[in-house]
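Structure at a glance
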Amino acid sequence: VQLQASGGGLVQPGGSLSLSCAASGSDFRSYSLGWFRQAPGKEREFVAAIKRYGGDTFYADSVKGRFAISRDNAKNTVYLQMNRLTPEDTAFYYCAAGSRIISSQMYYIRSYDYWGQGTQVTVSS
């Protein structure tokens, strides 16, 4: 599976941004998908994830209620809608895919086998 993230950019605090991650390869719906982010000088951290097939969703506490992850299996694409952005959301955002990830493991980098190249999100006035 190859992943290509897009949609990053510069946005003012309080604004919104939508990220997309297009996947190539077969059987997209069989993969669980996640978004992670990495700010300068910090470790990569979990943001949101959506399970394969049924699509249960998972969020980091810091984004719960502001971000929404979704997937379109017909388009082989996963989305991250980000609302009420703050400067603390500034980071490189990465999408990732993995198979057979159980719910309790959706939050961990090690659970994902494939990674996109990332897209920069900057929240600043």
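What this report covers is the structure whose coordinates are included nearby. (Residues numbered from 1 in each chain as written. Predicted model: local features only at pLDDT ≥ 70, side-chain atom pairs only at ≥ 80, totals over all residues. Heavy atoms only, no water.)

The strand order 1-3-8-7 describes an open sheet built from 4 strands, whose pairing is antiparallel. Each edge of the open sheet is held by one strand with a lone partner, namely strand 1 (2-6) and strand 7 (67-72). For this sheet, the mean angle separating the axes of adjacent strands, direction not counted, is 15 degrees. Two strands pair when backbone bridges link them, and strand 1 and strand 3 (residues 17-24) are joined in this way by 5 bridges, in the antiparallel orientation. From the neighbouring strand, L3 faces strand 3, where its bridge partner is A23. (Pairing = 2+ DSSP bridges. Helix = DSSP H or I, 4+ residues; strand = E, 2+ residues; numbered from the N terminus. Axes fitted to C-alpha atoms, helices over the stretch in contact; angles between N-to-C directions.)

Attention shifts here to the packing of aromatic side chains. Under the defined criterion, the tally for this structure stands at 8 aromatic pairs. Between F36 and Y112, the aromatic rings sit 5.2 Å apart at their centres with planes inclined by 80 degrees, giving edge-to-face as the arrangement. Here the residue F36 occupies a position in strand 4 (residues 31-38), and Y112 occupies one in the loop between strand 9 (91-99) and strand 10 (114-115), the gap between them amounting to 76 residues. When the ring of F46 is compared with that of Y107, the centres are 4.9 Å apart and the planes differ by 65 degrees; the resulting orientation is edge-to-face. On the criterion of sequence distance, the pair formed by F46 in strand 5 (residues 45-50) and Y107 in the loop between strand 9 and strand 10 is long-range, its members being 61 residues apart. Exposure remark for F46: the relative accessible area of 10% places this residue in the buried category. Ring pairing ties together the aromatic residues F36, F46, F58, Y107, Y112 and W115, which thus form one cluster. Across from the ring centre of Y94, 3.7 Å away, lies the NZ or CZ of R44, which sits over that ring. If you follow R44 out to its NZ or CZ, it ends over the ring of W115, 5.0 Å from the centre. (Phe/Tyr/Trp six-rings, centres within 6.5 Å; stacked < 30°, edge-to-face > 60°. Buried < 20%, exposed > 50% of the residue type's maximum accessible area, 1.4 Å probe, protein only. Lys NZ or Arg CZ within 6 Å of the ring centre and 35° of its normal.)

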